[in-house]
Every structure is written in structure tokens, then in C-alpha cells.
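Fold and contact review
Given next are the chains, with one letter for each unit.
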Amino acid sequence: MLYNSRRYTVRPQSNPFCNAGVISFCPTGEPDNIMPEFNPGDAIEIYALKKPVWQFKFGDVLGKLNIMHDALGFKNLNTGMNYTMEWYELFQLMNCTFAHVLKNESIQWCNQGAVCIYPGIKDRLWSENGTLAKIATTTGSVFNSFSDWVLWDNRTGLFYETWTVKDKPDGNTWFQPFDCASWVIRALDKFGRLGVSFNQSVHLNYTKINLYSDQPEYLGTSAEVFDKSANKTMQASASNIVKFYSKFQSQKKWEDLAIEIIEDLYEIFEKNEPFYLYYNDAYWLLNLTSPIAKLTYEESPLPKPGRIDTIAKLTYEESPLPKPGRRIDNKLYFENRFP
Ligand SMILES: CCCCCCCCCCCCCC(=O)OC[C@@H](O)COP(=O)(O)OC[C@@H](O)CO
């Protein structure tokens, strides 16, 4: 059984407890990201952008491990306007990967992700340690249809999922990630369905952090698991989940924490303890199997021509959007933060 990140109808307000710490989300996007609308006849170049995760802090260190962040760039050849679009965590990667265990032994997740759009493409930022590659040219009309999809995707795909979970290397996937890379892959798939032809000589690889597990055991939704009046079995699961995430609460610097995380993951495996995965607001028990975890950096080919969307083919995911105007409003993410 393959599990994908669920679609929602309303983005919940982020809890004021949650804090990006390092840098705030989408710092260079305007408070209300303006989703550009191009003239239908404009020529638009599409660029694949990659750079090491946390390059701003560690330069190319994570790039050497192929831990890469992905985005898309757009150049309007008629107006000269350029834009960058990237999807990532509202409160950084660790907050999306491990829950906070609060003083009252409750669990707090800060795991929303969202799209950030801002004018300009910082060529050097992407090209110095990563990729800035033109992959297609399209029209303003196709771009405008794509940006409708971006608005829909941003309203429904809300939670960042760090882990890919498989039964074995190159085996079946239990849980798909929902991260910067999967946003780019979804976005390029959408462009393909809108009829965009890609330069197939460009080969793009994407980072995944894989866990390997036997058949996952479903424990219940977070509400069911942490229901104070739940049965003894459920209460035991809640207690085990709190104990599990307590291992990952260190406030150490990232470089020390990463080592601690890897040590903790190996300890979990050596003691044959379960890994408690949080996915689609539910908990799953994973019995990790060798090789436990593995970083992969594999190609996802650019869409091939021919898979064009027609009304008949639209899936539930692509139901026609309401026309709420063309603004992505960051305030939606941080209701409590902006007046
Ligand atoms: C964390 C637990 C296990 C450690 C293993 C680490 C591997 C993680 C692999 C996931 C790849 C993450 C790709 C992604 O979604 O990146 C998004 C974001 O983290 C990138 O942040 P950034 O600060 O480098 O870039 C954002 C910047 O471009 C904003 O303008």
C-alpha cells in the first residue's frame, strides 16, 4: 500500500509556539506574495534550480552529500521580469521531521510547508554549488494556467513530509515524501500536462532520505492516540511515541544534532525498537530493517510530451479552482504573526 501526503481544504493557523529559528519563511517574498500573471502571448523560459540545503549557513557541505534543495525559475522574455518559486518548510527541516515534546508530555508538530514566490532569480546563489538549467520555453497563457495550479496546490498540500519509507532499497514505497523536490516534480508534471515540451538532455536528480521498514502498523490518528480517555493499548502507544520523540529534543547546533540523530537512529535499530512515523496526522509504527536509512540522489526524468490534460482526465486533485484572485497571502500561514 502506497501512502501519499493527504490533500486538505483549509490551511490551519500555525501554532505561535512554532518558530523557524534560523531564518523566517520566505524572507524575500512580499508579505502577500504576488502570483505573477503574464500576457498570454509572452515567451516564458523555465529553469530548474538546485542548491545545497542550508547553503546560507554551511556553504557546499550538504551539497557534497547530495542533500539538495529544489526550486523553479521563470524568465519572461517580453517584460524582462524573472521570478523564483520554491516550496519548503514554514519552520525548517527539523521541525518537520521530529515533534516537540512539551512539558506536559504532549506533542507539538510544526510541520507545515508552503510555496514562496519572489521576484528575481539569484543566478549565483543557485549556480555556484548547484544547478541553474533552462529546461523549457512556454507561453504566458500556459504559465497562468500553471499558476492556478500552484494556488490550488498551496491551499491543499499543507504538510512537509521528510521521510521516504520503503520495504527495501529500490523496493516498494510505503510513504512518499512531500518536500521541495516533490513540489518541483509535481510542478513539472503539471507543465507537461499543459503541453510543455522539455529539453530531455537535462537530467535532474532529487534528494530523498529513505527509511527501510517491514509493513507499517497503523496506530491511529493523533487525536485517537492522544485521547486521554483512550484504551490502555492506545495510551501505551501515546507514551511510546512521546518517549521516541524525546530522543530528538536536543537544542544542539545542527551539526552536532545531525550526528546525534544518526546515532539515535542506529540505536533504535540495534535495540530493535520501533520508529514512530507521523504521516497525514496519524501515527505508524515502523520496524526498521537493514540498511535502516539511506540518502539517495536519483533522477526523475522530465515529463515526456503527450500526456495532455483534458477535462475528462482531470483528477479530483485538479478540480477547477475558485477564482479567489491571484495572491498567495503569507498571512494565511502565520495568522497570529501578522496584525
Ligand atoms: C533531519 C533528519 C535526518 C537528517 C538527514 C537530512 C537529509 C534531509 C533530506 C531532505 C532534503 C530537503 C530538501 C528540502 O525540502 O529543502 C527545503 C529546505 O529545507 C531548504 O532550506 P534552505 O534554507 O536550504 O533553502 C531555503 C531557501 O532557498 C529559501 O529561500
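Here's what I pulled together on the structure shown here.

Parameters and conventions
- By convention here, each chain's residues receive numbers from 1 onward along its written sequence.
- The predicted origin of the model limits local features to residues at a pLDDT of at least 70 and limits the giving and counting of side-chain atom pairs to 80 or more, whereas totals for whole chains, interfaces and linings rest on all residues.
- Side-chain metrics rest on all non-hydrogen atoms present in the structure, leaving aside hydrogens and water.
- A run of H or I in DSSP counts as a helix once it spans at least four residues, and a run of E counts as a strand once it spans at least two, with each numbered from the N terminus.
- Pairs of residues are marked as contacts when any of their non-hydrogen atoms sit within 4.5 Å.
- For every accessible area listed, the method is Shrake-Rupley and the probe measures 1.4 Å; residues are considered covered only by the protein chains on display.
- Take the buried residues of types Ala, Val, Leu, Ile, Met, Phe, Trp, Tyr and Cys, join any two whose side-chain atoms come within 4.5 Å, and each joined set is a nonpolar core.
- Only protein chains enter the accessibility calculation, which uses a 1.4 Å probe. A residue is then buried if its area is under 20% of the maximum for its type, exposed if over 50%, and partly exposed in between.
- Proximity is defined per residue: any heavy atom of the residue falling within 4 Å of a molecule or strand makes that residue near it.
- In the analysis that follows, any N or O atom pair within 3.5 Å is treated as a polar contact, provided that within protein one partner can donate a hydrogen and the other can accept it, and provided that, for residues neighboring in sequence, both atoms belong to side chains.
- When residues are sorted by character, Ala, Val, Leu, Ile, Met, Phe, Trp, Tyr, Cys and Pro go into the nonpolar class, Asp, Glu, Lys and Arg into the charged class, and all the rest, Gly among them, into the polar class.
- Here a strand pair is declared whenever DSSP counts at least two bridges between the two strands.
- Throughout, an axis means a line fitted to C-alpha atoms (over the contacting stretch in the case of helices), and angles, computed between N-to-C directions, take values from 0 to 180 degrees.
- Under the convention used throughout, the expected extent of a helix is 1.5 Å for every residue step, that is, one less than its residue count.
- What the arc covers is the set of directions going from the helix axis to the C-beta atoms.
- The disulfide criterion used throughout: a pair of cysteine sulfur atoms within 2.5 Å.
- In what follows, salt bridge is the name for a side-chain nitrogen of Lys or Arg lying within 4 Å of a carboxyl oxygen of Asp or Glu.

**Details of the overall build of the protein chain**
Across its full length, the protein chain holds 9 helices and 16 strands. When contacts within the protein chain are restricted to residue pairs at least 6 apart in sequence, long-range pairs at least 24 apart make up 78% of them. Total accessible area on the protein chain is roughly 16000 Å²; 55% of this is exposed by carbon and sulfur atoms.

**Quick look at the nonpolar core**
Ranked by internal contacts, the top residues of the largest apolar core, which has 79 residues, are Phe146, Trp183 and Tyr245. Contacts of tryptophan 183, omitting those with residues within four sequence positions, involve Leu72, Met85, Trp87, Val115, Phe146, Trp149, Val150 and Asp153. Membership of the second largest hydrophobic core comes to 16 residues, among which are Ala20, Cys26, Tyr47 and Leu90.

**A short note on the site of the ligand**
Surveying the vicinity of the ligand reveals 18 residues, the closest of which are Trp54, Glu86, Glu89, Tyr160 and Cys180. Here an oxygen atom of the ligand and a side-chain polar atom of histidine 69 are 3.4 Å apart. A distance of 2.7 Å separates an oxygen atom of the ligand from a polar side-chain atom of glutamate 86. Alone, the ligand offers 770 Å² of accessible surface; in the complex the protein occludes 94% of this. The class makeup of the residues in the shell around the ligand is 12 nonpolar, 2 polar and 4 charged.

**Describing the sheet that holds strand β7 (residues 113-119)**
Spatially, 5 strands are ordered β7-β4-β3-β2-β8 in an open sheet, and the strand pairing comes out antiparallel. Since the sheet does not close on itself, it has two edges, and those belong to β7 and β8 (131-139), each with one partner. Strand-to-strand, the axes of this sheet are offset by a mean angle of 20°, without reference to chain direction. Of the pairings in the sheet, the one linking strand β3 (residues 68-76) to strand β4 (residues 82-89) comprises 4 bridges and is antiparallel in character.

**As for helix α8 (residues 232-246)**
For α8, built from 15 residues, the straight-helix expectation of 21 Å at 1.5 Å per residue is met to within 8% by its first-to-last C-alpha distance of 21 Å. By the burial criterion, the buried members of α8 are Met234, Ser237, Ala238, Ile241, Val242, Phe244 and Tyr245. Taken down its axis, α8 places every buried residue within 160° of arc, on the same side. Facing away from the buried side of α8 by more than 90 degrees, the exposed set consists of Lys232, Thr233 and Lys243. Its side-chain oxygen at 3.1 Å from the backbone nitrogen of threonine 233, asparagine 231 defines the N-terminal cap of α8.

**Points about the sheet that holds strand β15 (residues 288-299)**
Strand order in the open sheet made by the 4 strands is β10-β9-β11-β15, with mixed pairing throughout. Lying at the two open borders of the sheet, with one neighbouring strand each, are β10 (173-175) and β15. The mean angle between the axes of side-by-side strands here comes to 35°, regardless of whether they run parallel or antiparallel.

**Considerations on helix α6 (residues 180-193)**
Taking 1.5 Å as the rise per residue, α6 with 14 residues should run 20 Å; its terminal C-alpha atoms sit 20 Å apart, in good agreement. Among the 14 residues that make up α6, 11 are buried, leaving the element largely enclosed by the rest of the structure. When α6 is considered as a whole, its buried residues turn out to be Cys180, Ala181, Ser182, Trp183, Val184, Arg186, Ala187, Leu188, Lys190, Phe191 and Gly192. By the N-cap criterion, in which a side-chain oxygen at the helix start approaches the backbone nitrogen of a residue two or three places on, α6 is capped by aspartate 179, the distance to alanine 181 being 3.1 Å. Just beyond α6, the residue with positive phi is glycine 195, at close to 95°.

**Describing the state of the cysteines**
Taken as a whole and judged by the stated rule, the model has 2 disulfides. Covalently, cysteine 18 is tied to cysteine 110 through a disulfide, its sulfur atoms 2.1 Å apart. Disulfide cysteine 18-cysteine 110: the torsion about the S-S bond is -80°, which places it as left-handed. Of the two residues, cysteine 18 is situated in the segment before β1 (32-34) and cysteine 110 in the loop between β6 (107-108) and β7; the sequence distance between them amounts to 92 residues.

**Concerning the pattern of salt bridges**
Using the criterion set out here, one finds 9 salt bridges in the structure. The salt bridge involving aspartate 60 is made with lysine 64; its shortest N-O contact spans 2.6 Å. For aspartate 60, a relative accessible area of 21% gives the class partly exposed. Relative accessible area serves as the criterion here: at 64%, lysine 64 is assigned to the exposed category. Between arginine 124 and glutamate 128 there is a salt bridge whose closest N-O contact spans 3.5 Å.

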